[in-house]
Amino acid sequence: MDAWEAIVLGVVQGFTEFLPVSSSGHLELGKAILGDTSLPEESLLFTVVLHFATALSTVVVFRRDVVSIVGGLLKFTWNEETQFAAKIALSMIPAVVIGMLFEEELEAFFGGNIAFVGAMLIVTAILLWLADRAKNTGKKVSFGNSFVIGVAQAIAMLPGISRSGATISTSVLLGNDKSKAARFSFLMVVPLIFGKIAKDLLSGDLTSESTNFTTLGLGFIAAFVCGLIACTWMISLVRNSKLKYFAVYCVIVGVTAIAFSFVS
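Just so it is clear, the model here is predicted, and its values are computed rather than measured.

Further remarks concern the nonpolar core. Ranked by size, the top nonpolar core spans 40 residues in total, and within it Leu-29, Ile-88, Ile-168, Phe-184, Phe-186 and Met-234 carry the most contacts. When contributions to this core are tallied by element, the ones reaching two or more residues are α5 (80–101), α7 (114–132), α8 (143–155), α9 (163–173), α10 (178–203), α11 (213–239) and α12 (243–263). When residues in this core are grouped by element, the largest group, 7 residues, is from α10. When sequence neighbours within four positions are dropped, the list of residues in contact with Leu-29 reads Ile-114, Val-117, Leu-121, Val-253 and Ala-257. Core analysis: the next-biggest nonpolar cluster, separate from the first, contains 9 residues, Phe-46, Val-49, Leu-216 and Ala-223 among them.

Below, the structure is given as structure tokens:
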């Protein structure tokens, strides 16, 4: 992968991580268009690094929330911040279990199967359309909701299923406030991404023998900067109930991807 290709994919990741259009799906489509011939494992590694960049941008955007949560945890009492952290931990369980038990199977989906990506984008569109019709309630995410949202996040490990779209839509369909659903969705992924990077580092996957760190670095920077912009923008979009427009977009891209798979 050339440097300019890494930057392009970083920009795609940065914007699509927060917008409910599936960043992993767009990365797979981008690789197919650019003619990327990486092995599924290498392709997944690049995807994870870019997700790490956008996770870091999430921390920057929600820095006050993060500081508040950490401060609450350090009080060692069952306060609001501790409860929120517990809900985040509960939401992580499905994705951790699926990731550990089916890692090889998941890697296989990151090999350029754009017809599958297209079909999953259409599924994402359906979720967004349903969520956009839901009423705003002011309700907070409960512990039970947290686990269900975590299941949606686990399913969103498939390319084409938007993680933010699936988790926000699931939360809203459960009756939660849209702004609170977006906040929970953005913060719940941070521990998972950091955990994945730590796992890769400890396992030796990120070595100079198998990775071009210059290319990864350029992609990381592009994804981080664009992630800052997109995260801030998305908070406003969710608050103003604009999910249906993304549903239309996902249908268009999904159908185009399926058509492209037949002619390529």
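All right, on to the packing of α5 against α8 then. Interhelical geometry of α5 versus α8 gives an angle of 35 degrees and a closest axis separation of 8 Å. Handedness of the crossing formed by α5 with α8: right-handed. Counted together, Gln-83, Ala-86, Lys-87, Leu-90, Ser-91, Ile-93, Pro-94, Ala-95 and Ile-98 of α5 and Phe-143, Ser-146, Phe-147, Gly-150, Val-151, Gln-153 and Ala-154 of α8 form the full contact between these two elements.

This brings us to the side chain of Ser-162. Structurally, the position occupied by Ser-162 is in the loop between α8 and α9. Polar contacts involving the side chain of Ser-162 include one to the main-chain amide nitrogen of Gly-165, which spans 2.8 Å. Every residue in contact with Ser-162, bar those within four places of it in the chain, is listed here: Leu-19, Pro-20, Val-21, Ser-22, Thr-124 and Ala-156.

The next thing to look at is the packing of α7 against α9. For the pair α7 and α9, the least separation of the axes is 9 Å and the interaxial angle reads 35 degrees. Seen from above, α7 lies across α9 with left-handed handedness. Contacts between α7 and α9 involve Leu-127, Leu-128, Leu-130 and Ala-131 on the former and, on the latter, Gly-165, Ala-166, Ser-169, Val-172 and Leu-173. Classifying every residue of the contact of α7 with α9 by side-chain character gives 7 nonpolar, 2 polar and no charged.

Per the counting criterion, the structure on display carries 3 salt bridges. Put simply, Asp-65 and Arg-183 hold a salt bridge, and the shortest N to O gap is 2.7 Å. Of this pair, Asp-65 sits in helix α4 (residues 63–73) while Arg-183 is found in helix α10, placing the two residues 118 residues apart along the sequence. Lys-244 is paired through a salt bridge with Asp-132; the nearest N and O atoms lie 3.6 Å apart. In this pair, Lys-244 sits in helix α12 while Asp-132 sits in helix α7, placing the two residues 112 residues apart along the sequence. Overall, Asp-132 belongs to the buried group, its relative accessible area being 14%.

Its 14 residues place the ends of helix α1 (residues 3–16) 20 Å apart at the C-alpha level, agreeing with the 20 Å of an ideal helix rising 1.5 Å per residue. Every buried residue of α1 is listed here: Glu-5, Ala-6, Leu-9, Gly-10, Gln-13, Gly-14 and Thr-16.

Here the focus is the environment of Phe-110. For Phe-110, the position within the fold is in the loop between α6 (103–108) and α7. Residue Phe-110 is classed as buried on the basis of its relative accessible area, which comes to 6%. Residues Phe-110 and Leu-158 lie 48 residues apart in sequence; the distance between their C-alpha atoms is 8.4 Å.

Moving on to a nonpolar patch on the surface. The grouping of Ile-93, Val-96, Val-97, Ile-98, Met-100, Leu-101, Phe-102, Phe-147, Val-151 and Ile-155 at the surface amounts to a nonpolar patch, some 860 Å² of accessible area in total. Elements with a contribution of two residues or more to the nonpolar patch: α5 and α8. When residues in the nonpolar patch are grouped by element, the largest group, 6 residues, is from α5. Assignment of secondary structure puts Ile-98 in helix α5.

Applying the stated criterion across every chain yields a total of 6 aromatic pairs. A ring pair is formed by Phe-18 and Phe-186, whose centres lie 5.4 Å apart and whose planes are at 80 degrees; its orientation type is edge-to-face. Here Phe-186 lies in helix α10 and Phe-18 lies in the loop between α1 and α2 (23–34), a separation of 168 residues in the sequence. When its relative accessible area of 1% is taken as the criterion, Phe-18 is described as buried. The class of Phe-186 is buried, set by a relative accessible area of 1%. Through a chain of ring-to-ring contacts, three or more aromatic side chains come together here, namely Phe-18, Phe-62 and Phe-186.

What counts and what doesn't
- Residues numbered from 1 in each chain as written.
- Predicted model: local features only at pLDDT ≥ 70, side-chain atom pairs only at ≥ 80, totals over all residues.
- Heavy atoms only, no water.
- Core = buried A, V, L, I, M, F, W, Y, C linked by side-chain atoms within 4.5 Å.
- Buried < 20%, exposed > 50% of the residue type's maximum accessible area, 1.4 Å probe, protein only.
- Helix = DSSP H or I, 4+ residues; strand = E, 2+ residues; numbered from the N terminus.
- Contact = heavy atoms within 4.5 Å.
- Axes fitted to C-alpha atoms, helices over the stretch in contact; angles between N-to-C directions.
- Left-handed = near helix turned anticlockwise from the far one by under 90°.
- Polar contact = N/O pair within 3.5 Å; in protein donor to acceptor, adjacent residues only side chain to side chain.
- Nonpolar A, V, L, I, M, F, W, Y, C, P; charged D, E, K, R; others polar.
- Salt bridge = Lys/Arg side-chain N within 4 Å of Asp/Glu carboxyl O.
- Expected span 1.5 Å × (residues − 1).
- Patch = residues over 30% accessible without salt bridge, like charges linked within 9 Å, V, L, I, M, F, W, Y side chains within 5 Å.
- Areas by Shrake-Rupley, 256 points an atom, 1.4 Å probe, with all protein chains shown as cover.
- Phe/Tyr/Trp six-rings, centres within 6.5 Å; stacked < 30°, edge-to-face > 60°.

Limitation: the analysis is restricted to geometry and does not speak to function.
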